[in-house]
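# Overview (structure and organization)
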Amino acid sequence: MSARPCLTIDLDAIAANFRLLQKTVTPAECSAVIKADAYGLGAGPIGRRLLAQGCRTFFFAHLAEAVDLGPEIRQAGGTVFVLNGTGLYPAADFLQAGILPVLNTLEEARLWAREAKGTPAALHLDTGMNRLGLPARDDETVRNLMGDGLNLIHVMSHPACADEPDRLENRTQLTRFTERAARFGDITKSFANSAGCFLGPEFQFDLSRPGLALYGAQPVTGRHIPLSIPYRFEAPVLQVRRFSAGDSFGYGGTHTAKAGGFSATIGAGYADGVPRCLSNRGHVWLHGLKAPIIGRVSMDTFVADISAHPDPESLVHTCAQIYGPDLTVDDQAASAGLSAYELLTRIGGRTERIHVNQLALR
Ligand SMILES: *Cc1c(COP(=O)(O)O)cnc(C)c1O
């Protein structure tokens, strides 16, 4: 096993999740959102695998994230979009890379109309999230730019509450989007993120844009979707210690043992993406035992109570699962009061990433 924290990523499991999502949104096309290094799991290998799986539309957040994989996707006949728009990048950088911006403002639409020489782009309409996208008052001006050099090929919006299917906002946004998108003529449309893929057929339009669900985290509150778990984040047990009642653990001594037992010191900490808010709240999975984290998570280590294991001393130098098939990122996120998005994208620093093809990471 690895002496460092190690993240194993099962590309077969991600491909299986893509197939499930594609089936769910059919007849719409299923794209893949692989921003933030595919939510921390590795945009290169994952993008290539999804290309092989037939995915043809990919979304990144930044131009800089997209330039490595962009040429391969284009060569395969695919399209690469950058969600954050042209932003501070010169239009020429997009043109040179063959990557298309999702235009978010009137100013970006004007810039693209002027400088892109007919190169296509997508347009994001804000329909109630108030984060990115064009406000309705600018629709007509942008529509007129389409006769003046602006080549829009796709129009999209984004749901604010799709993870809560009963929220009225989902319908309100859908109605607004349907109305406004029609103003831009006969071009393809998209609305759904991962959770939106499960809101029903009227939310799918021509294309759906899942990210999170590809990576095996549950997108919809109160519903279990049979996704495969593609991640296994592990770190070695550095030391097993015998402790007595009254011993306390870690910085600040925030946990004190009520009785004697055994603890395992695990070689990963907040520098590796194990957040401090798992202190005294999260768990690790050690050979069949779900062991509570005791004391504060430090930068490079944390401690778990392994007293319930039949042979605790045998666990030294074995691997502890921090998130994986036996202890999902959703479970840990619930303990930490964080989202699965935050936990996945935090894994980093010294963590070694290994991509495998092996359905079920057990
Ligand atoms: C991140 C993002 C997505 C993917 O969202 P998930 O909830 O991860 O599926 C889709 N569309 C836009 C505009 C996004 O920013």
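In this report, we go over the structure that sits alongside the text. (Residues numbered from 1 in each chain as written. Predicted model: local features only at pLDDT ≥ 70, side-chain atom pairs only at ≥ 80, totals over all residues. Heavy atoms only, no water.)

## So, the site of the ligand
Formally: Being near a molecule or strand, for a residue, comes down to having at least one heavy atom within 4 Å of it. We call two N or O atoms a polar contact when they sit within 3.5 Å, provided that within protein one can donate a hydrogen and the other can accept it, with sequence-adjacent residues counted only if both atoms are side-chain atoms. Methods summary: accessible areas were calculated by the Shrake-Rupley approach with a probe of 1.4 Å, and residue burial reflects only the protein chains presented. Side-chain classes are defined by residue name, with Ala, Val, Leu, Ile, Met, Phe, Trp, Tyr, Cys and Pro counting as nonpolar, Asp, Glu, Lys and Arg as charged, and the others, Gly among them, as polar.
In the vicinity of the ligand, 13 residues are found, and the nearest of them are K35, Y39, S194, G211 and Y341. Between the ligand and H158, the relevant distance is 3.3 Å, taken from a nitrogen atom to a side-chain nitrogen or oxygen of the residue. A distance of 2.5 Å is found between an oxygen atom of the ligand and a side-chain nitrogen or oxygen belonging to S194. Considering the ligand on its own, with 390 Å² of exposed area, one finds that the protein chains cover 93% of that surface. The residue makeup of the shell around the ligand, split by class, is 6 nonpolar, 4 polar and 3 charged.

## A word on the pairing of strand β16 (residues 289-294)
Keep this limit in mind: Two strands qualify as a pair provided that DSSP identifies no fewer than 2 bridges between them. What counts as a helix is a DSSP run of H or I of at least four residues, what counts as a strand is a run of E of at least two, and both are numbered from the N terminus.
Where strand β15 (residues 283-286) and β16 come together, 4 bridges link them in antiparallel fashion. If you follow L286 over to β16, its bridge partner there is L289. Between the end of β15 and the start of β16, which pair antiparallel, lie 2 residues, with H287 showing a positive phi angle near 45 degrees. Bridge analysis of β16 against strand β17 (residues 302-305) gives 2 bridges, and the strand direction is antiparallel. From the neighbouring strand, I294 faces β17, where its bridge partner is V303.

## Focus: helix α9 (residues 168-181)
Defined as follows: Expected helix span is given by 1.5 Å per residue-to-residue step, counting one fewer step than there are residues. Each residue is placed in one exposure class: buried if its accessible area under a 1.4 Å probe, protein chains only, is under 20% of its type's maximum, exposed if it is over 50%, and partly exposed if it falls in between. The arc in question is the one spanned by the directions pointing from the helix axis to the C-beta atoms. Contacts are assigned to residue pairs that have any heavy atoms within 4.5 Å of one another.
Between its first and last C-alpha atoms α9 spans 20 Å; for 14 residues at 1.5 Å apiece the expected length is 20 Å, and the two agree. Those residues of α9 lying buried are N170, Q173, L174, F177, R180 and A181. Buried residues of α9, seen end-on, are gathered within an arc of 145 degrees and therefore sit on one face of the element. The outward face of α9, more than 90 degrees from its buried face, is lined by the exposed residues L168 and E179. Residues of α9 that are buried sit in contact with α8 (139-145), β8 (151-156) and β9 (188-190).

## Quick notes on the pattern of salt bridges
Formally: In the sections that follow, a salt bridge refers to a side-chain nitrogen of Lys or Arg positioned within 4 Å of a carboxyl oxygen of Asp or Glu.
Here the structure, examined in full by the defined rule, presents 13 salt bridges. One connected set of salt bridges, linked through shared partners, spans D139, R180 and R183.

## Quick look at the environment of F177
Here F177 lies in helix α9. Separated by 101 residues in the primary sequence, F177 and A76 have C-alpha atoms spaced 31 Å apart. Each residue touching F177, except ones within four places of it in the same chain, is listed here: L125, T127, V155, M156, S157, K189, S190, F191 and F205.

## Structural notes on the environment of K117
Within the fold, K117 resides in the loop between α7 (106-115) and β7 (120-124). Once the C-alpha coordinates of K117 and N17 are considered, the two residues, 100 residues apart in sequence, prove to be 38 Å apart.

## What to know about the packing of aromatic side chains
The condition is simple: Only Phe, Tyr and Trp rings take part, Trp by its six-membered ring, and two of them pair if their centres are within 6.5 Å. Stacked means planes under 30 degrees apart, edge-to-face means over 60, and tilted covers everything else.
Taken as a whole, this structure holds 10 aromatic pairs when the rule is applied. Seen in terms of ring centroids, F59 and F81 are 5.3 Å apart; in terms of plane orientation they differ by 20 degrees. Their pairing is stacked. Linking F59 in strand β4 (residues 57-60) with F81 in strand β5 (residues 79-82), this pair joins segments that are 22 residues apart in sequence. Its relative accessible area of 4% is what places F81 among the buried residues. Members of the aromatic cluster, joined through ring pairs, are F177, F191, F203 and F205.

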